[in-house]
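# Structural overview for review
Given next are the chains, with one letter for each unit.
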4 protein chains.
Amino acid sequence: MQPIGRKRWAIAEGYIPSQSSFAHRTLISHETACILNAADQDAHVSITLFFTDREPVGPYRVTVAARRTLHLRFNDLKDPEPVPRDTDYSSVFESDVPIIVQHTRMDTRHAEVSLLSTTAYAEA
Amino acid sequence: MQPIGRKRWAIAEGYIPSQSSFAHRTLISHETACILNAADQDAHVSITLFFTDREPVGPYRVTVAARRTLHLRFNDLKDPEPVPRDTDYSSVFESDVPIIVQHTRMDTRHAEVSLLSTTAYAEA
Amino acid sequence: MQPIGRKRWAIAEGYIPSQSSFAHRTLISHETACILNAADQDAHVSITLFFTDREPVGPYRVTVAARRTLHLRFNDLKDPEPVPRDTDYSSVFESDVPIIVQHTRMDTRHAEVSLLSTTAYAEA
Amino acid sequence: MQPIGRKRWAIAEGYIPSQSSFAHRTLISHETACILNAADQDAHVSITLFFTDREPVGPYRVTVAARRTLHLRFNDLKDPEPVPRDTDYSSVFESDVPIIVQHTRMDTRHAEVSLLSTTAYAEA
């Protein structure tokens, strides 16, 4: 497949609620960066998190294998440090091959599921 | 109408919940790619699905007639194989004429309707 | 203000549920095209609707005054004909001055409010 | 970090419901512009609000410090005047350094949480 995507992406929104109405992993409140690597080489992605009142944290490093998608939960990031809950943040993604990034939040603080999603901002 | 759209699109998010709270087709949990072909020729669209841990599947082939819209449910794709439920995926759309692609999920795992939508990523 | 926006926009998703759980106008199931005209001249906008199995309908004509926003409900379009409920459609917007278009659906088929929104596709 | 973002952004949708089902700040109905400034200089951002039937209001001025994110609630804007509730509006953001803007609404008029979000329109 011809290359598709961009190498630099940003998501200005970020907020993981600490509360959930459900215990099952699929229904715990979470935020996800869905990363598609349609290329024939692995994508090495560096993620930097930005906060309201302290210096950025990162890079978090993930590899998205060639011709694979990774639906990365911000909840699961651990190194260099976990993403704090109930805290505003933003994220920037830098990859060595073109990727596509889409942002999703599932919010189950109350007894129903609430969703948001948007294609992230891609640097030209 | 002057041509509008692009020939290559990607949706990084993809996930069809296997559960629904309703039996009616309109309220079953589903994901849709809304494809607009405003051109005066039919659009022949090839869709490739990407997964977390196996090779891409496709092409799925659909035709969107000239001056028509197709709200294509990923749930309905069958050939070369159905889209697995409760499974992360991504999709790439390649068309021979310019189209516009928008992604929507309706999630009715619980008793209320939850929606997300975004204009897909268009390759420049 | 310096001009901002584009003259041609498209929304591939379109679907107005015929059912609502509430009687108040603000909570009736609806779809909206939010149109911002930040320019100093009025924007004359022609809207064309596309369907699954019949020819496009339009143009619907609306004027967005200079330095004004219009949150246009598809539910309110009447001329040349109302937008059918429970029916897939898409829309294209053509303006004589640059505008910004964002698409929103409020879905109240069940007792809670469900929302989706996305910046529409802008032709370069 | 290399600069990322654009200097001019627009959000065509805007509507803050006056009602909420919850008293806690995090669950009051609100709209947010999430603004990421990944640059090494502070971003001075001027926001102009547009309405249906009166002249634009602004500029509202906010500073997003270097390497910080600001999740700005439209509900909190006060100077030159508060944002009216239950009223359609749009917004334009002009910054002296590149930023990224994402729009979110939390709607809790009824007992559940409903969310929408989209990356804003960026002027090329």
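Scroll up for the structure.
Right, let's walk through the structure included here. (Residues numbered from 1 in each chain as written. Chains lettered and ligands numbered in written order. Predicted model: local features only at pLDDT ≥ 70, side-chain atom pairs only at ≥ 80, totals over all residues. Heavy atoms only, no water.)

Taken together, the contacts link 32 residues of chain A with 39 residues of chain B. Between chain A and chain B, roughly 2700 Å² of surface is buried when both sides are summed, and carbon and sulfur atoms account for 58% of that area. Applying the counting rule to chain A against chain B returns two salt bridges. For Glu-55 of chain B, the salt bridge goes to Arg-67 of chain A, with nearest N and O atoms at 2.8 Å. At the boundary of chain A with chain B, the tally comes to 21 residue pairs in polar contact (both at pLDDT 80 or more). Take the side of chain A that touches chain B: its biggest share by element is six residues, from strand S7 (residues 114-119) of chain A. Here the side of chain A that touches chain B is built from residues that sort into 17 nonpolar, 11 polar and four charged. (Contact = heavy atoms within 4.5 Å. Buried area = accessible area lost by both parts, 1.4 Å probe. Salt bridge = Lys/Arg side-chain N within 4 Å of Asp/Glu carboxyl O. Polar contact = N/O pair within 3.5 Å; in protein donor to acceptor, adjacent residues only side chain to side chain. Helix = DSSP H or I, 4+ residues; strand = E, 2+ residues; numbered from the N terminus. Nonpolar A, V, L, I, M, F, W, Y, C, P; charged D, E, K, R; others polar.)

It takes a turn of 90° to lay chain A on chain B, together with a shift of 0.0 Å along the axis; the resulting RMSD is 0.0 Å. Taken together, the rotation angle and the small translation identify this as a four-fold axis. (Least-squares fit on C-alpha atoms with pLDDT ≥ 70 in both.)

Once that is clear, we can look at the side chain of Ser-90 of chain D. Residue position: Ser-90 of chain D is located in strand S6 (residues 89-107). Within polar-contact distance, the side chain of Ser-90 of chain D engages the side chain of Thr-69 of chain C at 2.6 Å. Discounting chain neighbours no more than four positions away, the residues touching Ser-90 of chain D are Leu-36, Thr-69 and His-71 of chain C together with Ile-11, Ala-12, Thr-48, Leu-49 and Phe-50 of chain D.

Further remarks concern the environment of Ile-99 of chain D. Residues and elements named next belong to chain D. Relative to the elements of secondary structure, Ile-99 occurs in strand S6. The class of Ile-99 is buried, set by a relative accessible area of 0%. With 92 residues separating them in the primary sequence, Ile-99 and Lys-7 have C-alpha atoms 6.2 Å apart. Leaving out residues up to four positions away in the same chain, Ile-99 has contacts with Ile-4, Gly-5, Arg-6, Trp-9, Ile-35, Leu-36, Asn-37, Ala-43 and Val-45. (Buried < 20%, exposed > 50% of the residue type's maximum accessible area, 1.4 Å probe, protein only.)

Time to look at the interface of chain C and chain D. The interface is formed by 32 residues belonging to chain C together with 39 residues belonging to chain D. Both sides of the chain C and chain D interface together cover about 2700 Å² of buried area, and 59% of this is carbon and sulfur. Elements that contribute at least two residues to the side of chain C that touches chain D include exactly strand S1 (6-11), strand S2 (30-37), strand S5 (68-73), strand S6 (89-107) and strand S7 (114-119) of chain C. The greatest single-element share of the side of chain C that touches chain D, amounting to six residues, is contributed by S7 of chain C. Broken down by class, the residue content of the side of chain C that touches chain D amounts to 17 nonpolar, 11 polar and four charged.

Let's shift gears to the state of the cysteines. By the definition in use, this model includes zero disulfides over all chains. Cys-34 of chain B takes part in no disulfide bond, and the closest cysteine sulfur to it belongs to Cys-34 of chain A, at a distance of 18 Å. (Disulfide = S-S within 2.5 Å.)

The next thing to look at is the side chain of Glu-13 of chain A. Among the secondary structure elements, Glu-13 of chain A is positioned in the loop between strand S1 (6-11) and strand S2 (30-37). A relative accessible area of 4% places Glu-13 of chain A in the buried class. Of the polar contacts made by the side chain of Glu-13 of chain A, one reaches the side chain of His-103 of chain A; its length is 3.3 Å. At 2.4 Å, the side chain of Glu-13 of chain A and the side chain of Arg-105 of chain A are in polar contact. If we skip the residues at most four places from it in the chain, Glu-13 of chain A touches Glu-31, Tyr-89, His-103 and Arg-105 of chain A together with Cys-34, His-71, Gln-102 and Thr-104 of chain D.

So, on to the pairing of S2 of chain C. Residue and element names in this part refer to chain C. Most of S2 is tucked away, with eight of its eight residues classed as buried. Neither face of S2 is left uncovered, since the one carrying His-30, Thr-32, Cys-34 and Leu-36 and the one carrying Glu-31, Ala-33, Ile-35 and Asn-37 both have all their residues buried. As defined by bridge partners, S2 adjoins S5 across six bridges and the pair is classed as antiparallel. The residue bridging Cys-34 from the neighbouring strand is His-71, located in S5. (Pairing = 2+ DSSP bridges.)

In this section: the arrangement of the chains. You won't find any contact between chain A and chain C; their C-alpha atoms come no closer than 7 Å. Separated throughout, chain B and chain D approach each other most closely at a C-alpha pair spaced 7 Å apart.

Our next topic: the packing of aromatic side chains. Going through the model one piece at a time under the given rule, you end up with 12 aromatic pairs over all chains. Taken together, the aromatic side chains of Phe-74, Tyr-89 and Phe-93 of chain A make up a single cluster linked through ring pairs. Just above the ring of Phe-51 of chain B sits the side chain of Arg-54 of chain B; from NZ or CZ to the centre is 4.1 Å. (Phe/Tyr/Trp six-rings, centres within 6.5 Å; stacked < 30°, edge-to-face > 60°. Lys NZ or Arg CZ within 6 Å of the ring centre and 35° of its normal.)

Keep in mind these numbers describe shape, not what the thing actually does.
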